[in-house]
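# Structural features, examined
As a plain string of letters, each chain reads:
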Amino acid sequence: MTVLNLTWLAIMTVVFVIWCGFTFRTLWRLTRVSMERLDPTGKGFFHWVLHSLIAFGEFLSSEQYRPERVKLLLITALLFAIIVARPMLLVAIM
C-alpha cells in the first residue's frame, strides 16, 4: 500500500469511529428516554416499543434534539463524502 492509501484509510477509520460513537450514543440516549417513560406505566414489551417509537419521533422533530440531529447529519454526510471521494481520488491520481 502506498502512503496515500494508508493516510486515506486512517482518515476513513477516524471518521467511521466518530460516526459510530455518536450514533450509538444517540441510540443509547433515546433508549434510556423510552425506558424512563416505561417505568411509570409498568407495562410490557409492546408499550416499550410504543415509547421507543415516540422517543425516536421526538428525536426527529423536537427542537430539543436539533443540535444532535444536525451533528449526526453532518457526520453522516462526511462519511458518505469520504467513501465516494476515495475512488475519485484514485482515478485522478492514476
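It should be noted that the structure appears before, not after, this text.
These lines cover the structure that appears in this document, whether it is placed above or below. (Residues numbered from 1 in each chain as written. Predicted model: local features only at pLDDT ≥ 70, side-chain atom pairs only at ≥ 80, totals over all residues. Heavy atoms only, no water.)

## Comments concerning the nonpolar core
As a rule of thumb, nonpolar side chains are buried together in soluble globular proteins. Keep this limit in mind: What is meant by a nonpolar core is a set of buried Ala, Val, Leu, Ile, Met, Phe, Trp, Tyr and Cys residues, joined one to another through side-chain atoms within 4.5 Å. Only protein chains enter the accessibility calculation, which uses a 1.4 Å probe; a residue is then buried when its area is under 20% of its type maximum, exposed when over 50%, and partly exposed in between. By definition, any uninterrupted DSSP run of H or I lasting at least four residues is a helix, any uninterrupted run of E lasting at least two residues is a strand, and each is numbered from the N terminus. Residue contacts are defined here by distance: any two heavy atoms, one from each residue, within 4.5 Å place the two residues in contact.
Within the largest apolar cluster, eight residues are counted, these being Phe22, Leu30, Val33, Ala55, Phe59, Tyr65, Leu72 and Ile75. Going through the elements one at a time, helix H1 (3-41), helix H2 (45-61) and helix H3 (66-93) are the ones with two or more residues in this core. Considering each element in turn, this core owes the most residues, three residues, to H1. Valine 33 has contacts with Ala55 and Tyr65, leaving out every residue within four places of it along the chain.

## A word on the side chain of arginine 69
Note the following rule: Within this scheme the basic residues Lys and Arg register as positive and the acidic residues Asp and Glu register as negative, but His and the chain ends are omitted. By salt bridge we mean one thing: a side-chain nitrogen of Lys or Arg within 4 Å of a carboxyl oxygen of Asp or Glu. As used in this structure description, the phrase polar contact means that two N or O atoms lie within 3.5 Å; if the pair is within protein, one of them must be able to donate a hydrogen and the other to accept it, and residues adjacent in sequence are counted only when both atoms belong to side chains.
Counting through the fold element by element, arginine 69 comes out in helix H3. Of the side chains bearing the opposite charge, glutamate 63 lies closest to the buried arginine 69, which forms no salt bridge; the N-O distance is 4.8 Å. Reaching out from arginine 69, the side chain makes a polar contact with the backbone oxygen of phenylalanine 59 at a distance of 2.8 Å. At 2.7 Å, the side chain of arginine 69 forms a polar contact with the backbone oxygen of serine 62. If we skip the residues at most four places from it in the chain, arginine 69 touches Glu58, Phe59, Leu60, Ser61 and Ser62.

## Digging into the packing of aromatic side chains
How two aromatic rings sit relative to each other is given by the distance of their centres and the angle of their planes. The condition that has to hold: Stacked, edge-to-face and tilted are the three classes for Phe, Tyr and Trp ring pairs, Trp counted by its six-membered ring, which pair at centre distances within 6.5 Å; planes under 30 degrees apart are stacked, over 60 edge-to-face, the rest tilted.
Applying the stated criterion across every chain, the model contains three aromatic pairs. Ring plane angle 55° and centroid distance 5.7 Å describe the contact between phenylalanine 59 and tyrosine 65, whose orientation is recorded as tilted. On the basis of relative accessibility, which here comes to 4%, the residue tyrosine 65 falls in the buried class.

## Some thoughts on the environment of valine 15
Residue placement: valine 15 occurs in helix H1. Valine 15 sits in the buried class, given a relative accessible area of 9%. Along the sequence, valine 15 and threonine 76 sit 61 residues apart, while their C-alpha atoms lie 9.1 Å from each other. Residue contacts for valine 15: discarding those within four places in its chain leaves Leu78, Leu79 and Ile82.

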